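# Structure at a glance
Chain by chain, the residues:
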Amino acid sequence: MQRFLTFPAGRRSKFVVLAFWLVAIFAMTATNLPGKYTDAEENESTSFLPGDAESTKALEITERLRGGETAPTVIVYRRDGGLTAQDRAQIQEDLAGLNRLSFRNTTDFEGPLVSRDGTTALLQNQITGDGEADTLLDPVTAYRDQVSSDDGADLEVKVTGPAGISADAIDVFTNINGTLIGAAGLLVFVLLIIIYRSPFFWFFPLISVAFAEIVARSMGYGLSELGVTINGQTSSIASILVLGAGTDYALLLVARYREELRKHEDKHEAMALALRSASPAVIASALTVAAALIALMLADVNGTSGLGPVGATSILVALAVQLSLLPAMLVVVGRRPFWPFIPHLGDAGVDVTHGSWRRLGERVAVRPRRVWIGTVAVLALCTVGLLNYSNGLTQGNAFRDDVESIAGQELIAEAFPAGQAAPLDVVVRDPQDVEAVSQRVAQVDGVADVSPTGQAGRDGVLLAAALEVDPYSTAAFDVVPLVRDAAREAASGTLVGGPSAVEEDLREASARDTRLLIPLTLVIVFVILLVLLRSITASLLLIGTVVLSFAAALGVSAVVFDVVFGFPGADPSFPLFAFIFLVALGVDYNIFLMARVREETARVGAREGMLRGLAVTGEVITSAGIVLAGTFSVLGVLPLTFLTEIGFTVAFGVLLDTFLVRSVLVPALVFDLGPRVWWPSRLARQDEPPAAGAGASAREPVAAG
């Protein structure tokens, strides 16, 4: 295993590693696999539905009744004082122009439907999709170009409806990756220059991360061909994982390599020792994150399930590249890129077992119980913010910026029932039950109107139930179960689908996923810690601190989202995503710390081992935490509230874990427990430093430092 890990550091094998990655990258880019990955994204909410959801079953029937998957387009015209004769003439002119547009997958526009108060008129048609984004985006773009001109006064014209909202979502995700990677890459570039204090060295970690991104996207395309659902959010998060985790792995390896360069003249020997010592902890941490992500494959929501293999693949690719390509490049170029602080053999340097981090540990060790009780109290206080938590984020308020389709939906709600543009689809299986179902559903509180669509077949008859409330609001989602109950009371086997029902089913599935996957993730992480640390006590301690840190981060985030940002709430899947990232990544840093502490404890005892472990890992883990927090915070540049919330919570949680949990709380608990923290391993019975030669060899460390 050691020979395999140190292969990139060989005098000849380093060129083999470089050649392998260059050929692989050339082949992937030549066949445009990264581009195909982007094309494979599915950003319509219906593509995330679990197969057993009622909305899915209703959708299958409505597609057959309508001749395909259709999305209504609604063009709304509104003048507060009432539509003028000139307005009505313009609407008729637009109607003629719209129907002259030649799209094979669209119906002619019908209307105008004018509101009772005469302020608003609607034109409507249907777009039939085939799974390709352009099939929906091209017609909506053409419609907006066609009706974009108005009289320059107070007439408002918006293209909305389910087709308009889907087109706006697709448009956002189409441009999301370039913006994200550019902003995150610039941030990491700046941070690496600060961390390494070199105008040149940043190039090597960053180029290896870029290679990892190309490989990860290429493999992501392969996963999409196997049936994995990938959306823009999955793609964005996967890119952040590659950049953030990949840079972290580079920092941990380079820190050990620089340490070894001060002890060995031969750069190949120094890199081999760095790989031998740093790799086990880096691999363990990467496997922890990957295992936690793989657990997402058990999710009902296809989008959440898809993040599992895509995210795990991204982590493992980042690991493979940073433990092979990066060391091979560094051995080829030697010490020079470290300029102006080039490490040389015999450099006096600074004693790595001392410094500011050891001084912090010594202060904590004076009264460890008081420190950990106080720290726990602070974190517990932060969790009080969970009382402010809301799951009010929906498709209708998912955009941070002004979006035409959402603005159009608001215009419709001022003059028509708010659900006019996106009614519920009610599938009545027996035509004889249509009247009974219509009457019963129309009596449901929150339903404005039930009307026939004229679409019927062997599968049943399709009715449209317009809601009084915004179809993309939580109030609409609350009406969906009532409509379903009423429809089934009138005729068993009746199905209810449509945009509101889709979101309601997604929210229910997300809640089930959260209840299942959070405890499962804790079990997976605990088992990995148990194998790595060989201590039940230490594993439970780390799990407990990370869970408390997660709850504190979530509590603070809930307050910030409401009070500072003014967000309407969080998506129901938000706690699960935040938990997966914060627990897996939080345990990451504790693995780096405690693996080194275990190594030192075997040589110098529990108390001194904790001090040395904290001193040796403090700077590099803090740097890694800052980089990871920075990369996740870049999600905030994107115009989607969900990604902004994930970015803030993970960034804040990582910093909280890096500066408070890993630096203060964990050491305080270890000092208070003493050797008992390693129970039931032999270290739990070792109060004094072992005799010379006993325990782990100083030349054979097992963790990054």
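In short, a report on the structure. Just so you know, the residues in each chain are numbered from 1, in the order the chain's sequence is written. The predicted nature of this model means local features are confined to residues of pLDDT at least 70 and side-chain atom pairs, given and counted, to a pLDDT of 80 or more, with totals for whole chains, interfaces and linings taken over all residues. Excluded from the side-chain calculations are hydrogens and water; all other atoms, namely the structure's heavy atoms, are used.

### Section: the overall build of the chain
For clarity, the cut-off: By definition, any uninterrupted DSSP run of H or I lasting at least four residues is a helix, any uninterrupted run of E lasting at least two residues is a strand, and each is numbered from the N terminus. We take the radius of gyration over the C-alpha atoms and set the globule estimate at 2.2 Å times the residue count to the 0.38 power. Type-normalised accessible area, obtained with a 1.4 Å probe on protein chains alone, sets the label of each residue: buried when under 20%, exposed when over 50%, and partly exposed for intermediate values. Note on definitions: a residue-residue contact is assigned when non-hydrogen atoms from the two residues lie within 4.5 Å. Values of accessible area rely on a 1.4 Å probe in the Shrake-Rupley scheme; residue burial ignores everything except the protein chains shown. A residue counts as positive if it is Lys or Arg and as negative if it is Asp or Glu; His and the chain ends are not included. Just so you know, the charge point we use is NZ for Lys, CZ for Arg, CG for Asp and CD for Glu.
Tallying secondary structure elements over the chain gives 23 helices and 8 strands in all. Whereas a compact globule of 705 residues would reach a radius of gyration of roughly 27 Å, the chain reaches 29 Å, a difference of no more than 12%. Principal axes of the C-alpha set define a box for the chain whose edges measure 95 × 50 × 50 Å. Looking at the chain as a whole, 59% of its 705 residues are labelled buried. For the chain, the proportion of contacts with a sequence separation of at least 24, taken over those separated by at least 6, is 81%. For the chain, the exposed area adds up to about 27900 Å²; of that, 57% sits on carbon and sulfur atoms. Considering the chain, the positive charge centre built from 52 side chains and the negative charge centre built from 74 side chains are found 17 Å apart.

### Thoughts on the sheet that holds strand β5 (residues 424-428)
Sheet strands pair by backbone hydrogen bonding; their relative direction is either parallel or antiparallel. Put simply, the rule is: By definition, two strands form a pair when at least two bridges between them are found by DSSP. Axis angles are defined between N-to-C directions and span 0 to 180 degrees, where every axis is a line fitted to C-alpha atoms and, for a helix, only to the segment in contact.
The 4 strands lie next to each other as β6-β7-β5-β8, forming an open sheet whose pairing is antiparallel. Looking at the sheet topology across the chains shown, the edges are occupied by β6 (447-457) and β8 (495-497). Along the sheet, successive strands turn relative to each other by an average axial angle of 25 degrees, direction set aside. Where β5 lies against β8, 3 bridges are found, and the strand directions are antiparallel. Note on β8: the bridge partner recorded for V427 is L495.

### Here's the deal with the nonpolar core
Generally speaking, a soluble globular protein has its nonpolar side chains buried in company with each other. Worth spelling out the cut-off: Side-chain atoms within 4.5 Å are what join buried Ala, Val, Leu, Ile, Met, Phe, Trp, Tyr and Cys residues into a set we call a nonpolar core.
M271, L293, I315, F581, M594 and F632 are the most contacted members of the largest nonpolar core, which totals 151 residues. Top element by residues in this core is helix α21 (residues 574-604). It accounts for 19 residues. Not counting chain neighbours up to four residues away, the residues in contact with I315 comprise L241, A245, Y249, A286, V289, A290 and L293. Core analysis: the next-biggest nonpolar cluster, separate from the first, contains 23 residues, L424, V437, V447 and V480 among them.

### As for a negative patch on the surface
The condition that has to hold: To count toward a patch, a residue needs a relative accessible area above 30% and no salt bridge. Like charges then connect within 9 Å, nonpolar side chains (Val, Leu, Ile, Met, Phe, Trp, Tyr) within 5 Å. A pair is scored as a salt bridge if a Lys or Arg side-chain nitrogen falls within 4 Å of a carboxyl oxygen belonging to Asp or Glu.
Where like charges cluster on the molecular surface, the negative patch consists of D39, D130, E132, D134 and D138. Looking at the secondary structure, you find D134 in helix α6 (residues 133-147).

### Describing the pairing of β6
Here 7 bridges tie β6 to strand β7 (residues 460-467), and the two strands are oriented antiparallel to one another. Looking across to β7, one finds that V447 is bridged to L467. A loop of 2 residues connects β6 with β7, the two strands running antiparallel in sequence.

### Remarks on unusual backbone geometry
The linkage connecting G111 with the following residue, P112, adopts the cis geometry, with an omega of 5 degrees. Within the element layout of this structure, P112 appears in strand β2 (residues 110-114). Here the amide bond leading from W679 into P680 is cis, since omega sits at 10 degrees, within 30 degrees of zero. Within the fold, P680 resides in the segment after α23 (641-673).

### Let's talk about the packing of aromatic side chains
Which entries qualify depends on this criterion: Here the aromatic set is Phe, Tyr and Trp, taking the six-membered ring for Trp, and pairing holds for ring centres within 6.5 Å; pairs whose planes are under 30 degrees apart are stacked, those over 60 apart are edge-to-face, and all others are tilted. Only Lys NZ and Arg CZ are tested; either one counts as a charge over a ring when it is within 6 Å of the ring centre and within 35 degrees of the ring normal.
Under the defined criterion, the tally for this structure stands at 21 aromatic pairs. For the ring pair F201 and F338, a centre distance of 4.4 Å and an interplane angle of 25 degrees mean the geometry is stacked. Taken together, the positions of F201 in the loop between α8 (176-196) and α9 (203-225) and F338 in the loop between α13 (325-333) and α14 (356-366) put the pair 137 residues apart, joining distant regions of the chain. One aromatic cluster is present, built from ring pairs that chain together F189, Y196, F201, W202, F203, F204, Y257 and F338. If you follow R197 out to its NZ or CZ, it ends over the ring of F341, 4.7 Å from the centre. Here the guanidinium or amino end of R662 rests over the ring plane of W357, the centre of that ring lying 5.1 Å away.

### Considering the sheet that holds strand β4 (residues 156-160)
Spatial ordering of the open sheet is given by β2-β3-β1-β4, a layout of 4 strands whose pairing is antiparallel. Each edge of the open sheet is held by one strand with a lone partner, namely β2 and β4. Averaged over all adjacent pairs, the angle separating strand axes in this sheet is 20 degrees, with direction ignored. Summarising the sheet, strand β1 (residues 69-78) and strand β3 (residues 120-129) pair through 10 bridges and their orientation is antiparallel. Counterpart to T70 in the pairing with β3 is T128.

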